[in-house]
Amino acid sequence: MAPLDDDDVTPLPLPPLLSRLPEAAGHPTLPRGVRMRHALLGNLPLFLMALLAAATWWLVQSTPAPEQERMPAEVRHEPDYEMRGFSVQHYVSAGPARGVVEGDVVRHYPDTDTLEIDGVRLRWRDDQGHTLRATAARATATGDGNEVRLTGGATVVRDLLPGEEAPMTFSSEEMVFDRRADQVRSARPVTLRQGASVIEARTLVYDHADGRLDLQGAVRGHLPARR
């Protein structure tokens, strides 16, 4: 083999070196629409989470709140109607009116179902035809009229019974007429008068059906001597 002479050696031709630097590679530029689509797809999970949060907030705001327990309205003691110059009659199955209640003014209170009467006048007749008449400045009656409380100079007059010479009168500041029990009661001082006889007591119960009179509490009176 012939010896190599360094001076006569000709360097072999080498292919050009490819640059690995990014700036030397020169990436191609993508269209704007493609870049936006890629960005949208990359941020899609975050967008969906934000949308879900917004929908949840809207549902919470739109859901009606449970109705709070309503406090019962305050009931006031006020009349729902008022009448002047009224008259109420109570009838039985046969015969004339059993009882009559009249007054100058009457007011009805729905909260207690009571009647307040100014200038009251009352008349009641029992099965035997005996009549009670009552007057007072004021009265309070139940809605059905079974009980009437007379106040302010209450006076009850029982008509003459067979064998009597004068009617009997009860006077008190307050008396109760009970239609169901057919009684007149008073828990206040009461005065009875019949002709010249006068009796005072602290309480009174008069049973109109049998004419029985019950007086209690320091009963005293004046009875004229019989001839």
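Provided above is the structure to which this section pertains.
Numbers given for residues are sequential positions, taken from 1 along each chain in its written order. Predicted model: local features are reported for residues with pLDDT of at least 70 only, side-chain atom pairs are reported and counted for 80 or more only, and whole-chain, interface and lining totals are derived from all residues. The side-chain quantities take in all heavy atoms of the structure and omit both hydrogens and water.

(A) How the structure looks around the overall build of the chain. In terms of helices and strands, the chain carries three helices and twelve strands. Evaluated residue by residue, the chain yields a buried proportion of 24% over its 227 residues. Any two residues whose heavy atoms approach within 4.5 Å at even a single point are treated as in contact. Partitioning the contacts of the chain with sequence separation of at least 6, the portion at a separation of at least 24 is 34%. Accessible surface area values rest on a Shrake-Rupley calculation with a 1.4 Å probe, where residue burial reflects the displayed protein chains alone. Surface exposure of the chain reaches about 17100 Å², of which carbon and sulfur atoms provide 57%. Numbering of helices and strands starts at the N terminus; helices are DSSP runs of H or I of at least 4 residues and strands are runs of E of at least 2. Burial classification: accessible surface area is computed with a 1.4 Å probe over protein chains only, and a residue below 20% of its type maximum counts as buried, one above 50% as exposed, and the rest as partly exposed.

(B) Region of the structure containing the side chain of Arg 107. Position of Arg 107 among the secondary structure elements: in strand S2 (residues 99–109). For Arg 107, a relative accessible area of 16% translates into the label buried. A distance of 3.2 Å separates a polar atom in the side chain of Arg 107 from a polar atom in the side chain of Asp 118. Leave out the neighbours within four places in its chain, and Arg 107 touches Pro 79, Tyr 81, Glu 82, Thr 114, Leu 115, Glu 116 and Asp 118. Whenever two N or O atoms come within 3.5 Å, that pair is a polar contact, provided that in protein one can donate a hydrogen and the other can accept it, and provided that, for residues adjacent in sequence, both atoms are side-chain atoms.

(C) Molecular detail of the nonpolar core. Residues grouped as a nonpolar core are buried Ala, Val, Leu, Ile, Met, Phe, Trp, Tyr and Cys residues, joined through side-chain atoms within 4.5 Å. The biggest cluster of nonpolar side chains holds 26 residues, and the ones touching the most others in it are Leu 150, Val 156, Phe 170, Met 175 and Val 184. Going through the elements one at a time, strand S3 (114–125), strand S4 (131–142), strand S5 (147–158), strand S6 (168–178), strand S8 (190–194) and strand S10 (203–207) are the ones with two or more residues in this core. Every residue in contact with Val 156, bar those within four places of it in the chain, is listed here: Leu 132, Arg 133, Ala 134, Leu 150, Met 168, Thr 169, Phe 170, Met 175 and Val 184.

(D) Representation of the environment of Ala 218. Mapped onto the secondary structure, Ala 218 falls in the loop between strand S11 (212–216) and strand S12 (220–222). Ala 218 sits in the exposed class, given a relative accessible area of 56%. Considering only alpha carbons, one finds Ala 218 and Thr 203, 15 residues apart in sequence, at a separation of 9.3 Å. Beyond its immediate sequence surroundings of up to four residues, Ala 218 is in contact with Glu 200, Ala 201 and Arg 202.

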